[in-house]
Amino acid sequence: MKKIRYNDCRKDFDKSIFYKNDFAKEGADPGALYVDRKMSKEWGGYFYVYPTGHTDPTKGNIKAYRVWRTKDLSTWEKCGALEDGFSLDVKDDDWCYTCFWAPEVTFNPKDKKFYMYFSASAKVGTSGEEYTTDENDRWSGLFLGIAVSDSPVGPFVMATSKDRKGGVNLDGDVISGKNPPINFARHLNLGRTWAAIDVSPFFAPDGSFYLYFAKHCDAYHKDICVYGIKMKDMITPDYSTLTLLTKASLKTVVGAKGSVDEPPRDTEEIREGGVNEGPFVIYHDGRYYLTYSPFGFGSREYSIMQAVSNNPLGPYV
């Protein structure tokens, strides 16, 4: 095998067969979705990208998550339905206020709607709210949210149960913009906060639906790890299936379903700096592949790791 110098490669390679994306725009944690013509005749044929971000919460109704789209992954246009390309319309009485992070959008073939799953920080709760936020813990108010739209560009609005039988979801909860639609602390009777971020939706081959997310650190938890939960439908978690899938610096864990209690430590450890975040799952040839990032975005060792399982809720190795 001939050794080739890097600088020689740069001037001699066939540039016609290489691709470079020169698009540069600030926007962390982007969720991406390809929309085909079957999903939407009007909006099909594009990749859509949804990065972290929102408007100033002190200036009225909040707008969050700009949308960019492209056909060739090179030429991009800002296309969110709200002003300045934003897509999520947050009303003054909605539960979320700031830290609008890491959205992902998926298409539900049953009702032909687009669902946005995201994380945000709630206002400080009072006796009229179902959530708990500790003013002395900056991360305690991080909850998972769900919004819905008829198009991939929005406007997305908070999902509700008002049009469902009895006005409730399949758990018997009233879902509206006034309370987070997913509340682990309340449903698991924790009596304390339980912060969550980086939610990622996934349809399994049999049509069952799952959410994967990162358990954020808070006053009760030092590390960040990955959990999964099966959904009864697009807005109803099956809390009995909540399962710890990865724990930072352990090669594998076996989490107990429906519990946030940590299992016994595995004897084999790896270096991950106390952080597992940004989960994403794909299915291929009978296996479920979970990617996530260790160390945290502020570290030079921030990277992508992969774990594999025969089942959507693990155990992953």
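Residues numbered from 1 in each chain as written. Predicted model: local features only at pLDDT ≥ 70, side-chain atom pairs only at ≥ 80, totals over all residues. Heavy atoms only, no water.

(A) Representation of the sheet that holds strand 18 (residues 305-309) in the model. Spatial ordering of the open sheet is given by 16-17-18, a layout of three strands whose pairing is antiparallel. Each edge of the open sheet carries a strand with a single partner, namely strand 16 (276-284) and strand 18. Taking the axes of each pair of neighbouring strands and ignoring which way they run, one obtains an average angle of 25° across the sheet. Note that strand 17 (residues 287-294) and strand 18 share five bridges and pair antiparallel. Its bridge partner being in strand 18, Y292 is matched across the sheet by M305. (Pairing = 2+ DSSP bridges. Helix = DSSP H or I, 4+ residues; strand = E, 2+ residues; numbered from the N terminus. Axes fitted to C-alpha atoms, helices over the stretch in contact; angles between N-to-C directions.)

(B) Representation of the nonpolar core within the structure. If you look at the biggest cluster of nonpolar residues, it comprises 30 residues, and the most contacted ones within it are Y117, F184, W194, L211, F213, Y227 and L242. Put simply, the parts of the chain that give this core at least two residues each are strand 8 (113-122), strand 9 (142-149), helix 2 (184-187), strand 11 (196-203), strand 12 (209-215) and strand 13 (225-233). Residues in contact with W194, not counting those within four places in the same chain, are L142, F184, A185, F213, K215, D218, H221, Y227, L242 and V260. Counting residues in hydrophobic clusters, the runner-up holds 28 residues, among them W43, L88, V105 and F156. (Core = buried A, V, L, I, M, F, W, Y, C linked by side-chain atoms within 4.5 Å. Buried < 20%, exposed > 50% of the residue type's maximum accessible area, 1.4 Å probe, protein only. Contact = heavy atoms within 4.5 Å.)

(C) Broad picture of the pairing of strand 17. Pairing of strand 16 with strand 17 involves seven bridges; the strand directions are antiparallel. From the neighbouring strand, N276 faces strand 17, where its bridge partner is P294. Hairpin connection, strand 16 to strand 17: the antiparallel pair is bridged by two residues, and D285 has positive phi, about 50°.

(D) Inspection of a nonpolar patch on the surface at higher detail. Together, Y34, F47 and L73 make up a nonpolar patch on the protein surface, roughly 250 Å² of accessible area in all. Within the fold, L73 resides in the loop between strand 4 (68-70) and strand 5 (77-78). Exposure remark for L73: the relative accessible area of 36% places this residue in the partly exposed category. (Patch = residues over 30% accessible without salt bridge, like charges linked within 9 Å, V, L, I, M, F, W, Y side chains within 5 Å. Areas by Shrake-Rupley, 256 points an atom, 1.4 Å probe, with all protein chains shown as cover. Salt bridge = Lys/Arg side-chain N within 4 Å of Asp/Glu carboxyl O.)

(E) Structural view of the pattern of salt bridges. Scanning the entire structure with this criterion turns up twelve salt bridges. For D84, the salt bridge identified is with R66, shortest N-O distance 2.4 Å. Of this pair, D84 sits in the loop between strand 5 and strand 6 (86-90) while R66 sits in strand 3 (residues 62-66), and the two are 18 residues apart along the sequence. Owing to a relative accessible area of 41%, D84 belongs among the partly exposed residues under this scheme. The partner of D218 in a salt bridge is K215, and the shortest N-O contact between them spans 3.1 Å. Across the pair, K215 and D218 agree in class, each one buried. Overlapping salt bridges bring together K63, D89 and K91 as one network.

(F) Spatial organisation of the pairing of strand 7 (residues 96-108). Judged by how many residues are buried, strand 7 sits mostly within the fold: ten of 13 residues are covered. Here strand 7 runs beside strand 8; their pairing, made up of eight bridges, is antiparallel. The residue bridging T98 from the neighbouring strand is S121, located in strand 8. Between strand 7 and the antiparallel strand that follows it, strand 8, lie four residues; K112 among them carries a positive phi value of about 60°.

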